Amino acid sequence: MKMTVKICVGSSCHLKGSPDVIEVMQEIIKKYGVGDRIELQATFCLGFCAEGVSMQVDPGEPSEDGVYCLHGVNKFNAEEKFLSEIFPKLTDV
């Protein structure tokens, strides 16, 4: 089962750069060779408009961590957030 990473493309997140975040995340997933373990999706409002760009991460398999959101993601910190919050959880997928 793949980990699902959904990037908000609602109005607020779109204005805060979600198209750039999607592009950067595609590059990061390719760079680290995890395209077979992560499904990247766009989604409409996650309900954290003031904290955008928001990403919802679903580890795939039931786990202690469960589904969670990352906030304030942008094209400059996306790789840092990926390496600290997403990549370590791929061992569970």
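Going by the structure above, here's the rest.
These figures come from a predicted structure and were not determined experimentally. (Residues numbered from 1 in each chain as written. Predicted model: local features only at pLDDT ≥ 70, side-chain atom pairs only at ≥ 80, totals over all residues. Heavy atoms only, no water.)

1. Things to note about the pairing of strand E3 (residues 55-58)
Along E3, the buried face is formed by Met55 and Val57; none of Gln56 and Asp58, which line the opposite face, is buried. Two strands pair when backbone bridges link them, and strand E1 (residues 3-8) and E3 are joined in this way by four bridges, in the antiparallel orientation. Along E3, the bridge assignment pairs Val5 with Val57. Bridge count for E3 against strand E4 (residues 68-70) is three bridges, and the pairing is antiparallel. Counted as the bridge partner of Gln56 is Cys69 from E4. (Buried < 20%, exposed > 50% of the residue type's maximum accessible area, 1.4 Å probe, protein only. Helix = DSSP H or I, 4+ residues; strand = E, 2+ residues; numbered from the N terminus. Pairing = 2+ DSSP bridges.)

2. A few points about helix H2 (residues 18-31)
One turn of the α-helix equals 3.6 residues, which is why residues spaced by three or four share an orientation. Its 14 residues give H2 an end-to-end C-alpha distance of 19 Å, which sits within 8% of 20 Å, the value for a rise of 1.5 Å per residue. Close packing links the buried residues of H2 with E1, helix H1 (11-15), strand E2 (38-43), E3 and helix H3 (78-86). Two residues or fewer after H2 comes Gly33, characterised by a positive phi angle close to 65°. (Expected span 1.5 Å × (residues − 1). Contact = heavy atoms within 4.5 Å.)

Any functional reading would require information beyond the geometric quantities listed.
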